[in-house]
Amino acid sequence: MSSRPSRNRQPIMIRRAVARDAKRLTRLVRNSSAYEGKYASAVAGYRVGPDYIEAHRAFVAVDADERGGLVLGFYSLVLDPPELDLLFVADEAQGQGIGRLLVAHMQSEARAAGLDRVMVVSHRPAEDFYHRVGAVRTGTARANPPAVPWDRPEFEFRIPSE
């Protein structure tokens, strides 16, 4: 577990996701303003279930001072093949460094697992974010209708050994 005070909030804790987080994580995905309008179909009916949390390295960022730990964001790292499968920050928590904190945590987890690269198939509105946190554009994932009817940028995080 790690902790860091953010600019506008009390300390942020990152902890391993547990089954009881599933509904809150699902709600965060489905309510993300990044998936409004033409992007809504990509998360309509999407579910982050306890089975997903158990099968992947999923971590949540919570406000350490909130009762019950207000979920501010989360990510999921798949080890084989190495991929950042999900990364979401709650709309009301964006711009506070939480996404950057989650990416740094993911890189630390990847390094500890012996990975030297982690791929990301990005959502187009998140493309600038991934550039800002050091991911390198590597290609384009072609549309996969009907679930994802648009092309998506592919990125890679290079994980240096320490």
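Model, not experiment: these values are computed from the prediction.

1. Side note on the overall build of the protein
- When helices and strands are tallied, the protein shows 4 helices and 8 strands.
- Taking 15 Å as the expected radius of gyration for a compact globule of 162 residues, we find that the protein reaches 15 Å, a close match to that expectation.
- C-alpha extents for the protein along the principal axes are approximately 40 × 40 × 30 Å.
- For the protein, the proportion of its 162 residues judged to be buried stands at 44%.
- On the protein, roughly 8800 Å² of surface is accessible, and the fraction owed to carbon and sulfur atoms is 47%.

2. Things to note about helix α3 (residues 98-112)
- With 15 residues, α3 should cover 21 Å at 1.5 Å per step; its first-to-last C-alpha distance of 21 Å lies within 8% of that length.
- By the burial criterion, the buried members of α3 are I98, G99, L101, L102, V103, H105, M106, E109 and A110.
- Phi turns positive one or two residues past the end of α3, at G114, with a value near 85°.

3. Side note on the packing of aromatic side chains
- Per the counting criterion, the structure on display carries 7 aromatic pairs.
- Centroid distance Y39 to W150: 4.8 Å. Interplanar angle 85°. Geometry classified as edge-to-face. Separated by 111 residues along the polypeptide, Y39 in the loop between α1 (22-30) and α2 (50-55) and W150 in the loop between β7 (136-141) and β8 (152-158) bring together distant segments of the chain.
- With a relative accessible area of 13%, Y39 lands in the buried category.
- Among the residues examined, W150 registers a relative accessible area of 12% and is labelled buried.
- Between the aromatic rings of F59 and Y75, the centroid separation amounts to 5.4 Å while the plane-to-plane angle is 20°, which identifies the pairing as stacked. Taken together, the residues span a long stretch of sequence, with F59 in strand β3 (residues 57-63) and Y75 in strand β4 (residues 70-79) at a distance of 16 residues.
- By the ring-pair criterion, three or more aromatic residues cluster together here, those being F129, Y130, F155 and F157.

Calculation criteria
- Residues numbered from 1 in each chain as written.
- Predicted model: local features only at pLDDT ≥ 70, side-chain atom pairs only at ≥ 80, totals over all residues.
- Heavy atoms only, no water.
- Helix = DSSP H or I, 4+ residues; strand = E, 2+ residues; numbered from the N terminus.
- Rg over C-alpha atoms; globule rule 2.2 N^0.38 Å.
- Buried < 20%, exposed > 50% of the residue type's maximum accessible area, 1.4 Å probe, protein only.
- Areas by Shrake-Rupley, 256 points an atom, 1.4 Å probe, with all protein chains shown as cover.
- Expected span 1.5 Å × (residues − 1).
- Phe/Tyr/Trp six-rings, centres within 6.5 Å; stacked < 30°, edge-to-face > 60°.

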